[in-house]
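Listed below, chain by chain, are the residues.
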Amino acid sequence: MNIPLTKKEKVRVNSPERIFKVMKEILLRENEIEQEQEHFWTIGLAPNNMIKYVELVSLGAMDQALVKPMQVFRVGVLKGAIKLVMVHNHTGPDLLEHDLFPSDGDNDVTDRMIQVGKILGIKVI
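If you're wondering where the values come from, they're calculated on a predicted model, not measured in any experiment. (Residues numbered from 1 in each chain as written. Predicted model: local features only at pLDDT ≥ 70, side-chain atom pairs only at ≥ 80, totals over all residues. Heavy atoms only, no water.)

Some words on the nonpolar core
Turning to step 1, where the next piece is worked out: Grouped together as the largest cluster of nonpolar side chains are 16 residues, with contacts concentrated most on Met 23, Ile 26, Trp 41, Ile 43, Ile 51 and Val 54.
Turning to step 2, where the next piece is worked out: If you list the elements that add at least two residues to this core, you get helix 1 (16–29), strand 2 (39–45), strand 3 (51–59) and strand 4 (83–88).
Turning to step 3, where the next piece is worked out: Top element by residues in this core is helix 1. It accounts for four residues.
Turning to step 4, where the next piece is worked out: Membership of the second largest hydrophobic core comes to 15 residues, among which are Val 72, Met 86, Val 109 and Ile 122. (Core = buried A, V, L, I, M, F, W, Y, C linked by side-chain atoms within 4.5 Å. Buried < 20%, exposed > 50% of the residue type's maximum accessible area, 1.4 Å probe, protein only. Helix = DSSP H or I, 4+ residues; strand = E, 2+ residues; numbered from the N terminus.)

Have a look at this one:
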């Protein structure tokens, strides 16, 4: 699901805080996206770190969002992204402090996507 970006959201990102701010604006605006499910997003970047696109790759269950390399990199390849940022949330009414950190499964997916990105020439940052 390609998310149309406002001028305010087509910015240069140079920190996780900046990405968080953009994603927060998008999530608050996109009411039809189920907020109680896990999401997996990609943000494609130009060489100067300007956002080219934001794509909702997977809308999962309350405790997981399944992703495959083809889904993660498809739009990046088509739109000529040089870099890719992956964004994933954890949901639940009783989130604990440890829920703010990636799970082992999250780390495995990240490592796999970094390797695929190397093959495709798209840096996962």
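So, next bit.
Considerations on the confidence of the model for the protein
Turning to step 1, where the next piece is worked out: Looking at the protein as a whole, the pLDDT averages 83, with 82% of positions reaching at least 70.
Turning to step 2, where the next piece is worked out: Summarising per-element confidence for the protein, the mean pLDDT is lowest in strand 1 (residues 2–3) (72) and highest in strand 5 (residues 123–124) (96). (pLDDT = per-residue confidence, 0-100.)

A few points about the pattern of salt bridges
Pairing is possible between side chains that carry opposite charge, provided their charged atoms lie close to one another.
Turning to step 1, where the next piece is worked out: What the rule picks out here adds up to one salt bridge.
Turning to step 2, where the next piece is worked out: The shortest N-O distance in the salt bridge between Arg 74 and Glu 55 comes to 3.6 Å. Here the residue Arg 74 occupies a position in helix 2 (residues 69–79), and Glu 55 occupies one in strand 3, the gap between them amounting to 19 residues.
Turning to step 3, where the next piece is worked out: Taking the relative accessible area as the measure of exposure, Arg 74 reaches 43% and is therefore partly exposed.
Turning to step 4, where the next piece is worked out: By relative accessible area, Glu 55 is classed as buried at 6%. (Salt bridge = Lys/Arg side-chain N within 4 Å of Asp/Glu carboxyl O.)

A closer look at the sheet that holds strand 4
Turning to step 1, where the next piece is worked out: Pairing is mixed across the open sheet formed by five strands, whose spatial order is 1-3-2-4-5. Looking at the sheet topology across the chains shown, the edges are occupied by strand 1 and strand 5.
Turning to step 2, where the next piece is worked out: In this sheet, strand 4 lies alongside strand 2 in antiparallel orientation, the contact comprising six bridges. From the neighbouring strand, Phe 40 faces strand 4, where its bridge partner is His 88.
Turning to step 3, where the next piece is worked out: Its contacts with the sheet place helix 3 (residues 104–120) against strand 2, strand 4 and strand 5, and it is angled at close to 165° to strand 4. (Pairing = 2+ DSSP bridges. Contact = heavy atoms within 4.5 Å. Axes fitted to C-alpha atoms, helices over the stretch in contact; angles between N-to-C directions.)

Comments concerning the side chain of Thr 42
Turning to step 1, where the next piece is worked out: Inspection of the secondary structure puts Thr 42 in strand 2.
Turning to step 2, where the next piece is worked out: Leave out the neighbours within four places in its chain, and Thr 42 touches Tyr 53, Val 54, Glu 55, Val 57, Val 72, Leu 84 and Val 85.

Things to note about the pairing of strand 2
Turning to step 1, where the next piece is worked out: Strand 2 sits mainly inside the fold: seven of its seven residues count as buried.
Turning to step 2, where the next piece is worked out: Because side chains alternate across strand 2, one face comprises the buried residues His 39, Trp 41, Ile 43 and Leu 45, and the other comprises Phe 40, Thr 42 and Gly 44, equally buried.
Turning to step 3, where the next piece is worked out: In this sheet, strand 3 lies alongside strand 2 in antiparallel orientation, the contact comprising seven bridges. Bridge pairing links Trp 41 to Leu 56 in strand 3.

Considerations on the pairing of strand 3
Within a regular beta strand, the side chains point alternately toward one face of the sheet and then the other, so they alternate between its two faces.
Turning to step 1, where the next piece is worked out: Of all nine residues in strand 3, seven are buried; the element is thus mostly enclosed.
Turning to step 2, where the next piece is worked out: In this structure, strand 1 lies alongside strand 3, joined through two bridges in antiparallel fashion. Following the sheet pairing, Ile 3 is matched in strand 3 by Val 54.
Turning to step 3, where the next piece is worked out: Linking strand 2 to strand 3, which pair antiparallel, is a turn of five residues; within it Asn 49 sits at a positive phi near 70°.

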